[in-house]
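In case you want the letters, here they are:
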Amino acid sequence: MVHSVRKYSFMWIALLMGLLVLAVACSSGDDDASSSAASSSTTAAAPVATTAPAAPAAPAADQPIYGGTLRFAQSRDNRVSWDPHATRGGQSLAQNTGSWWHNGLMSRAYGVDVGGGVSESMPDLAETWAVSNGGLTYTFTLHKGVKFHDKAPVNGREVTSEDVKWSYERFLKGPDSDKWQLGDISSIDTPDKYTVVMNLKDPVVSFLHHVGEPLAYILPKEAASSPPKTPTLKLDEEFIAPDGIIGTGPWMFKSHEKDKKVVAVRNPNYFKQDELGNQLPFIDQMEYVVIPDASARLAAFAAGEVATASPSSGSTQEALDQNPNANFSQDQPTSPPQYAFRQDRELFTDIRLRRAVSMAIDQQAYRDQLRGSTSAHTWGSAPATAFPEYDITAEELGSAAKWWQYDPAASKALLAEAGYGPSNPLAFDFQFSSCCKSSYLPDLVESMLRDVGIEVNIKIVDHSVHLKTSNVGKGDYDMAHARVKGAEIDDFLLTFMPGNPKNVSHVDDATLNKMILAQRVIQDPTKRFAAVREIQKYLADQVYVFYIPDRFGDLLWQKEIKGFRNHMGNTEGRDWERAWIDPS
């Protein structure tokens, strides 16, 4: 095994570095990813013009250097539990740090030569896999010799297929709002120490994407405390800091100061190597610090005190101008924001009202306020912001396109037809998280709806309340905002199925249900694409949710950092495990 010479003279540089989590992660609090499925052309909004260098791939001649500290900055400590199987979408600090000390069977795509919007699953603890039995059986072969962190009570024992089986079965029992992505598993077999066989209920074509679900980490059962200390966990045990935070990942949990800092240190026994045979990771210590103010985080980046920066809405070009030597990447948004019209209450079961609200919203006004770094006009279907191959035009939508074009006069006409007007205005409650103004612009939507005579009562709740209520379809609201993450178009379509916690609108449409279930098992890519196209048209006409334009994923990182490329999909540990710091 070839190791680079460890150098410490530059560590003072590294100690000043860290990460500002993407603003998407904050509103991914609502909930993230992109995909490739059937082929189709797309036209996305033009990215921000910049002369900043593209994300660099470390040249083969560069020898990585061991050592140093990277410091990441986060707006808040929104961790509810240290247990990854109990982490709901939206707890960005928990999601990102979890990938420091844990691995999954598979992972979302990563690597300096992999685009930020690519979401196919890649091997993590699995070394190989095979599909058989007409797509009903997936067989995974584990890397041999992978060890959990050398901490009691696990003491560095080897990972086996039984750990994978136990972890997946536990994840499927937990409260995570994304566990439905793995709900197609009917049983898991472990024929030997290194083989895991997953049997499916149906031959779902998107299953391999779902195995890479970022929170389905492989955990050592003996490190859990029983009974759980968190009453709402609904599991028999809980992984609690500090003693229970044991995984296989590149860094090991060291300490946590609530609302201040999280620290992890290098795992000397990590099982991965880079292409040159160097053992990963290169960085000695990883830290998250809480810096609530966005401008303060950007200032810290400019001063070299944090390693990366994700500019707030509309400020990307300003950040680039202030940091001309920084590395920069810009990727399609992967967790599209939406306004959900609740269908288990009478008000928005009237399709005229959903359409009236849609036509009252000027998407260009959103894009103007976000100032350039935004996706294109949405057309009310499975969002092309996350899946460009499913981009759809107004011409393809036909008559349904008019519901997605700004037309205040037509909006007022529909309101009048439904019995609303100046003497009897439409009024409803819109629940909104305190975290997410920069993405959803609630004041703007309130103003636009007021212009057509709609009275909106915006109910601001703490983000922790949002995560437990409207983010998973619970609570008292008529309209709410949410984000849906997913690695495949199927993930988004399933959020319209009854019983899915991300069905924030509570849609239960028999016609739609049948269409969604049918596309899941169509093996021919061309035929499946056509089936999804029909669903897109149907959703655009029904207006169960309103998709708003979204920010691109813009990230800057310091020029000293090599071997790194950001990916939007909670793969942070996989992205950083190959990074190193060049002081020259």
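The rules we used
Residues numbered from 1 in each chain as written. Predicted model: local features only at pLDDT ≥ 70, side-chain atom pairs only at ≥ 80, totals over all residues. Heavy atoms only, no water. Core = buried A, V, L, I, M, F, W, Y, C linked by side-chain atoms within 4.5 Å. Buried < 20%, exposed > 50% of the residue type's maximum accessible area, 1.4 Å probe, protein only. Helix = DSSP H or I, 4+ residues; strand = E, 2+ residues; numbered from the N terminus. Contact = heavy atoms within 4.5 Å. Salt bridge = Lys/Arg side-chain N within 4 Å of Asp/Glu carboxyl O. Pairing = 2+ DSSP bridges. Axes fitted to C-alpha atoms, helices over the stretch in contact; angles between N-to-C directions. pLDDT = per-residue confidence, 0-100. Parallel < 35°, antiparallel > 145°, perpendicular 65-115°, else oblique. Left-handed = near helix turned anticlockwise from the far one by under 90°. Nonpolar A, V, L, I, M, F, W, Y, C, P; charged D, E, K, R; others polar.

## Things to note about the nonpolar core
In terms of nonpolar packing, the biggest core is built from 43 residues, with Tyr339, Ile361, Tyr366, Phe428, Leu449 and Ile454 touching the most fellow members. Looking at this core, the elements that each hand over two or more residues are β13 (337-341), α8 (351-360), α9 (363-370), α10 (394-397), α11 (408-417), β14 (427-433), α13 (442-451) and β15 (455-461). For this core, the element with the highest residue contribution is α8, accounting for 5 residues. Leaving out residues up to four positions away in the same chain, tyrosine 339 has contacts with Ile361, Tyr366, Phe430, Tyr440, Leu441, Val445, Met479, Ala480, His481, Val545, Phe546 and Ile548. Formed by 34 residues, the second largest nonpolar core is a distinct cluster that contains Phe148, Leu182, Phe207 and Leu215.

## Quick look at the pattern of salt bridges
Scanning the entire structure with this criterion turns up 26 salt bridges. Close ionic contact of aspartate 124 with lysine 272 constitutes a salt bridge, the shortest N to O distance being 2.7 Å. Linking aspartate 124 in the loop between β3 (121-123) and β4 (126-132) with lysine 272 in the loop between β9 (261-266) and β10 (285-290), this pair joins segments that are 148 residues apart in sequence. Two residues, arginine 578 and glutamate 577, come together in a salt bridge whose shortest N-O distance is 2.8 Å.

## Describing the sheet that holds β9
Taken in spatial order, the 4 strands of this open sheet run β1-β10-β9-β8, and their pairing is mixed. With partners counted over all chains shown, the strands left at the sheet margins are β1 (69-74) and β8 (251-257), one partner each. Geometrically, the sheet is characterised by an average inter-axis angle of 15° between neighbouring strands, direction not taken into account. Bridge count between β9 and β10: 5 bridges; the pairing is antiparallel. The partner of valine 263 across the bridge, within β10, is glutamate 287.

## Considering the confidence of the model for the protein chain
Mean pLDDT over the protein chain stands at 83; residues scoring 70 or higher make up 83%. For the stretch residues 1-60, pLDDT sits under 50, and the model shows 232 contacts to residues farther than four places along the chain or on other chains.

## Some remarks on the packing of α9 against α13
Packing of α9 against α13 brings their axes to within 11 Å, and their N-to-C directions diverge by 150°. For the element pair α9 / α13, the angle class is roughly antiparallel. Crossing handedness for the pair α9 and α13: right-handed. Across the interface between the two elements, Ala365, Tyr366 and Gln369 from α9 touch Leu444, Val445 and Met448 from α13. Class assignment for the residues of the contact of α9 with α13 results in 5 nonpolar, 1 polar and no charged.

## Some remarks on the sheet that holds β4
The antiparallel open sheet is built from 4 strands, whose spatial order is β4-β5-β7-β6. Unpaired on one side and paired on the other, β4 and β6 (185-192) mark the two borders of the sheet. Looking at each pair of strands side by side, their axes are set apart by 20° on average, direction ignored. Taken together, the 6 bridges between β4 and strand β5 (residues 137-142) define a ladder with antiparallel strand orientation. Considered in β5, the bridge of valine 131 is made with tyrosine 138. Against the sheet, helix α4 (residues 161-173) contacts β5, β6 and β7 (195-200), and its axis sits at roughly 165° relative to β6.

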